[in-house]
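This is what each chain is made of:
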Number of protein chains: 2
Amino acid sequence: MRRDVFQAIADPTRRAIITLIAVQAMTPNALAEHFDTSRQAISKHLRVLTECEMVKQEFQGREIYYQLEIEKMKEIDVWLDQFRKIMEDQFQRLDKVLYNLKTKKK
Amino acid sequence: MRRDVFQAIADPTRRAIITLIAVQAMTPNALAEHFDTSRQAISKHLRVLTECEMVKQEFQGREIYYQLEIEKMKEIDVWLDQFRKIMEDQFQRLDKVLYNLKTKKK
DNA sequence: ATTTTGAGAAATCAATTGGTTGCGCATATA
DNA sequence: TATATGCGCAACCAATTGATTTCTCAAAAT
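Because the structure is predicted, anything quoted here is derived from the model rather than measured.

Chemist: An account of the protein's contact with DNA strand D is requested, with residue identities and associated values reported.
Modeler: The full set close to DNA strand D counts 26 residues, and A:Lys44, A:His45, B:Ser43, B:Arg62 and B:Tyr66 are the nearest of them. Counting only atoms of DNA strand D within 4 Å of the protein, the sugar-phosphate share comes to 60%. Residue B:Asn29 places a side-chain N or O atom 2.9 Å away from a phosphate oxygen belonging to DNA strand D. Taken together, the elements giving at least two residues each to the surface near DNA strand D come down to helix H2 (12-23) and helix H4 (39-51) of chain A together with helix H3 (28-32), helix H4 (39-51) and strand S2 (63-68) of chain B. Counted by class, the surface near DNA strand D contains five nonpolar, eleven polar and ten charged residues.

Right, dumping it as C-alpha cells:
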C-alpha cells in the first residue's frame, strides 16, 4: 500500500477534507456534514490521511478532532520545484529569442 | 474515471515519467528502459497522462515522442496556494505571540 | 441506571488500478 | 518483397479503492 502525500491528495473528497481541516480541527461527524457521504466513508479517508501522516488527532472526551499536519504539504512543493526551474529556463530561452529578434531588427 | 493532475501524479512511476519528459520528449521505448517494467505498462501510464492532458505527442515516423505539458503543473501550484496563505498566517500569529512575550517582559 | 451519541473496526461489494500477454498495424530495414 | 521494429489496443488478472452495512465500545445525556 502506497502511503504518501501524493496518494493522500489523489482523491477529491480527501482534498476537500484537507482544505477544511487546514483552517481548524474538526471531528469526523462535523466533516461528514460537508459531504454527501456517510460518516464511515469520511472516517476511512481520515484513516488514509493518518497513515499518510497528514493529520494530527486531538482527543476531547469521546470526540476526536482532526487537524492538518500542514508541514506535509511542503513535500508537494519540494517536488514541484524541479518544474519551476524548468519553466524558468524556458522563459529565459524565450527571452533570448525575443532579444535576438529585437537586436536583429535594429 | 477521475482524470486530473492529482490522479496523474498519484503513481510513483508516473511521477518519474513526468520528471523525465519535462526536460525532453521521449518515446515509450526510451522511457521503458528507465524502469523495471514492460513497454506496455509505460504505454498505459502514458495513456493515463494523455487522458489527464498532461502530455503532448509528436509523431516522427513510427515513433511517438511524448513531452510534458508543463503548464498543467501549475494547477497543483494553484491548489497549494491556499495552504501557503494559512502557513503565513500561522507564522504571523507566532510572530504576534513572540512580540507579546517580548513586550510583556519589558 | 438506561439510553443516546461519537467513533474506530471488520466484512462485504462494485469499480478502478497497474500490470501482463497477445494481437494488429504502420513504418523502417534487409 | 520479406523481415524487424515501434507502438497502441483489447483481454485478462490480482490487488487496491471508495463506499456501505453491521458491530462494538466508550463517553454523554436522560
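Chemist: I'd like a description of the interface of chain B and chain A, backed by residues and values.
Modeler: At the interface, 27 residues of chain B touch 27 residues of chain A. Summing the contributions of chain B and of chain A, the shared interface buries around 2,400 Å²; its carbon and sulfur component is 70%. The largest per-residue losses of area from chain B upon contact with chain A belong to B:Arg15, B:Ile70 and B:Trp79, which jointly make up 21% of the total buried on that side. Taken together, the connections running from chain B to chain A amount to four salt bridges. At the boundary of chain B with chain A, the tally comes to four residue pairs in polar contact (both at pLDDT 80 or more).

Chemist: Let's hear about unusual backbone geometry: which residues, and what values?
Modeler: Backbone geometry at A:Glu53 places phi at a positive 55 degrees, although glycine is not the residue there. Secondary-structure assignment places A:Glu53 in the loop between H4 and strand S1 (55-60).

Chemist: Talk me through the protein's contact with DNA strand C; I want residue IDs and the actual numbers.
Modeler: With respect to spatial proximity, 25 residues lie near DNA strand C, and among them A:Arg62, A:Tyr66, B:Ser38, B:Lys44 and B:His45 are the closest. The sugar-phosphate backbone supplies 63% of the atoms of DNA strand C found within 4 Å of the protein. Interatomic distance of 3.3 Å between a backbone N/O atom of A:Ile64 and a phosphate oxygen of DNA strand C. Of all the secondary structure elements, the ones that give two or more residues to the surface near DNA strand C are helix H3 (28-32), H4 and strand S2 (63-68) of chain A together with H4 of chain B. Grouping the amino acids of the surface near DNA strand C by side-chain chemistry returns five nonpolar, ten polar and ten charged.

What counts as what
Residues numbered from 1 in each chain as written. Chains lettered and ligands numbered in written order. Predicted model: local features only at pLDDT ≥ 70, side-chain atom pairs only at ≥ 80, totals over all residues. Heavy atoms only, no water. Near = heavy atom within 4 Å. Polar contact = N/O pair within 3.5 Å; in protein donor to acceptor, adjacent residues only side chain to side chain. Helix = DSSP H or I, 4+ residues; strand = E, 2+ residues; numbered from the N terminus. Nonpolar A, V, L, I, M, F, W, Y, C, P; charged D, E, K, R; others polar. Contact = heavy atoms within 4.5 Å. Buried area = accessible area lost by both parts, 1.4 Å probe. Salt bridge = Lys/Arg side-chain N within 4 Å of Asp/Glu carboxyl O.

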